[in-house]
Amino acid sequence: MNFIDLKKQYLAYQEEIDAQMQEVVSSCAFIMSPKVVEIESKLAEFTHAKFALSCSSGTDALLLALMAHGIQPKDEIITTPFTFIASSEVISFLGAKPVFVDIDPGTYNIDPSHIARAITTKTKGILAVDIFGQCADYDAIEKIAEENKLFVIEDAAQSLGARYKNRPAGCLAGTACTSFFPAKPLGCYGDGGMVFTDNASLYNIMKSIRTHGEGNDRYEHIRVGINARFDSLQAAVLLAKLPHFPEEIAKRQTIAQCYDEQLHKYVTTPSVLDHNLSVYAQYSIQVNDRDSLQAHLRKKDIPTAIHYPKPLHMQKAFKPLGYADTDFPVALAVSQNIISLPMHPFLTSEEQEKIIKAVISFYN
Ligand SMILES: *Cc1c(COP(=O)(O)O)cnc(C)c1O
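Just so it is clear, the model here is predicted, and its values are computed rather than measured. (Residues numbered from 1 in each chain as written. Predicted model: local features only at pLDDT ≥ 70, side-chain atom pairs only at ≥ 80, totals over all residues. Heavy atoms only, no water.)

Novice: Quick question: what am I supposed to make of the site of the ligand here?
Specialist: Taken together, 14 residues surround the ligand, and among them Gly58, Thr59, Asp155, Ser179 and Lys184 come closest. Within the backbone of Gly58, a nitrogen or oxygen atom sits 2.7 Å from an oxygen atom of the ligand. Between the ligand and Asp155 there is a distance of 2.7 Å, counted from a nitrogen atom to a side-chain nitrogen or oxygen. Mapped onto the shell around the ligand, the elements with two or more residues apiece are helix H3 (58–68) and helix H4 (86–93). Split by residue class, the shell around the ligand holds four nonpolar, eight polar and two charged. (Near = heavy atom within 4 Å. Polar contact = N/O pair within 3.5 Å; in protein donor to acceptor, adjacent residues only side chain to side chain. Helix = DSSP H or I, 4+ residues; strand = E, 2+ residues; numbered from the N terminus. Nonpolar A, V, L, I, M, F, W, Y, C, P; charged D, E, K, R; others polar.)

Rendered as structure tokens:
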């Protein structure tokens, strides 16, 4: 059994994926081919964003968004300590400071009630993450941001296809960033990412930064940028996969519902708020005896993963920020009890029954 089964997905869409990739190879338009523009416009439509800018990874998407906001050394960005390191790494990479606030114990997303206290004269923005595929509380976050003149960035790397109060992930903040890393809900066959915004000026700046700070003319550079272009072959893979994505999102709901119903008596199943539709980038449960459960499942050939074993404020990379382990008790407790079960649209009901039985047998 695989934790995420990309092989089954490939075999299901093989003809379309192969044909799309062959078109790129035959045309030899490897860099910024029409396919790149096509997937940008399709995903702008999908997220209801005015502009979509593809780029080389989810991490670079975040970097482009922060650079476009003019983030400078010593600026502060408020964010969550319970996520993959990329969200905060880019802040530090620009010399700015990630300021962590604790998470909500139910959704594991940033707790807006802690944000106001963390604001200083140096605070420039809030970077919220839609963890495990469930959107953060953007109404509450935007309210604080407006009152304090801060920008908001949505890290939608795990939530493309999710909904918040009937609005799609990817349009819930001034800029939203997503990732097409193969294991994400909409994955390509390498690295890739995208930034969404309704703001034409931010879009134009990010577009320029993406290609060496280009101006209107070739070899004219109006700012210092990077090379963060999206690969045309990866755009081709996404064009083949996107038509199937809505059905995959529906399958993720069915699988999650089945886990919920059969496991909630034994473990803490995910708490998805009524106004949210999660894409379950991870199906993560909280348990008391995680290591033994993981060993028990491994013996039965069931793969699991820990997202995330160490909150960011406890990572060596962020030692200079000076946090104590106990500063964010909710994030710490969740990181000690969380474990993710296999979750992908091609998980069969037989496989799922096997997983559920194995978890229950551990508790009986
Ligand atoms: C995967 C991920 C990223 C980084 O995306 P890459 O494409 O791997 O660079 C950023 N934030 C979150 C929350 C992620 O899960």
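Novice: It is not clear to me how the sheet that holds strand E2 (residues 76–79) should be interpreted in this structure. Could you clarify?
Specialist: The seven strands lie next to each other as E1-E9-E8-E5-E4-E2-E3, forming an open sheet whose pairing is mixed. The open sheet has two edge strands, strand E1 (51–55) and strand E3 (97–100), and neither has a second partner. Averaged over all neighbouring strand pairs, the angle between strand axes comes to 25°, with direction disregarded. Here E1 runs beside strand E9 (residues 193–197); their pairing, made up of five bridges, is antiparallel. Residue pairing for E9: Leu53 is matched across the bridge by Val195. Packing against the sheet, H3 makes contact with E1, E2, strand E4 (123–129), strand E5 (151–155), strand E8 (175–179) and E9, and its axis sits at approximately 165° to E8. The strands touched by H4 within the sheet are E2, E3, E4 and E5, with E3 carrying the most contacts at an inclination of about 140°. (Pairing = 2+ DSSP bridges. Axes fitted to C-alpha atoms, helices over the stretch in contact; angles between N-to-C directions. Contact = heavy atoms within 4.5 Å.)

Novice: What is the right way to read a nonpolar patch on the surface from this model?
Specialist: On the surface, Val25, Phe30, Ile31 and Met32 cluster together into a nonpolar patch covering about 340 Å² of accessible area. For Phe30, the position within the fold is in the loop between helix H1 (6–27) and helix H2 (34–47). (Patch = residues over 30% accessible without salt bridge, like charges linked within 9 Å, V, L, I, M, F, W, Y side chains within 5 Å. Areas by Shrake-Rupley, 256 points an atom, 1.4 Å probe, with all protein chains shown as cover. Salt bridge = Lys/Arg side-chain N within 4 Å of Asp/Glu carboxyl O.)

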